[in-house]
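Listed below are the residues making up each chain.
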Amino acid sequence: QVQLVESGGGLVQPGGSLRLSCVASGFTFKSYAMSWYRQPPGKERELVAGIDYVDDKTNYVDSVKGRFTISRDNSKNTLYLQMNSLKPEDTAVYYCNADIFVKRKWPWGQGTPVNVSS
């Protein structure tokens, strides 16, 4: 079955950095556009960053542009999110998913929590 396992979250001070990882299995990872999402406490899940499967074109929500970098290592079936200059408003549970799986409304994984606080 399709499986997406996020890791790398934790408690970090404002201005700090974290790198999130998402290990995928059960599908041909290299052929799928992938994205990172986040869900702050008490709020809806939102798209943060995406990366294409053909030419690795990336896109970001305006609030993280210049601070976050999405990348992928197809040889390891792994998606990454490098987060720099973290702000308290970045606090959320972060999820990865394939764009087509989101469109099909497949269940989400557990995510990895990020808490940006002093």
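Let me sum up the structure you'll find in this document. (Residues numbered from 1 in each chain as written. Predicted model: local features only at pLDDT ≥ 70, side-chain atom pairs only at ≥ 80, totals over all residues. Heavy atoms only, no water.)

1. Overview of the sheet that holds strand β7 (residues 68-73)
Here comes step 1: Spatially, the four strands line up as an open sheet ordered β1-β3-β8-β7, and their pairing is antiparallel. If you trace the sheet from one side to the other, it starts and ends with β1 (3-7) and β7, each paired once. Within the sheet, the average angular offset between the axes of one strand and its neighbour, ignoring direction, is 15°.
Here comes step 2: The pairing of strand β3 (residues 18-25) with strand β8 (residues 78-83) spans six bridges and is antiparallel. Residue Ser21 lies in a different strand from β8, and its bridge partner there is Tyr80. (Pairing = 2+ DSSP bridges. Helix = DSSP H or I, 4+ residues; strand = E, 2+ residues; numbered from the N terminus. Axes fitted to C-alpha atoms, helices over the stretch in contact; angles between N-to-C directions.)

2. Structural notes on the layout of surface pockets
Here comes step 1: In this structure, the largest pocket encloses a volume near 200 Å³.
Here comes step 2: Along its surface, the largest pocket is lined by Gln1, Val2, Gln3, Leu4, Asn97, Phe101, Trp106, Pro107, Trp108 and Gly109.
Here comes step 3: For the lining of the largest pocket, the per-class residue count stands at six nonpolar, four polar and no charged. (1 Å grid on protein atoms, 1.4 Å probe; cavity = no way out; pocket = protein on both sides within 12 Å on 5 of 7 lines; lining within 4 Å. Points joined across faces, edges and corners; volume = space filled by probe spheres on them. Nonpolar A, V, L, I, M, F, W, Y, C, P; charged D, E, K, R; others polar.)

3. Let's talk about the state of the cysteines
Here comes step 1: Inspection of every chain in the model, using the stated rule, returns one disulfide.
Here comes step 2: Bridging Cys22 to Cys96, the disulfide has an S-S length of 1.8 Å. Disulfide Cys22 to Cys96: torsion about the S-S bond roughly 55°, handedness right-handed. A residue pair is termed long-range when its members are at least 10 positions apart, and Cys22 in strand β3 and Cys96 in strand β9 (residues 92-98) qualify at 74 residues.
Here comes step 3: Given a relative accessible area of 1%, Cys96 falls into the buried group. (Disulfide = S-S within 2.5 Å. Buried < 20%, exposed > 50% of the residue type's maximum accessible area, 1.4 Å probe, protein only.)

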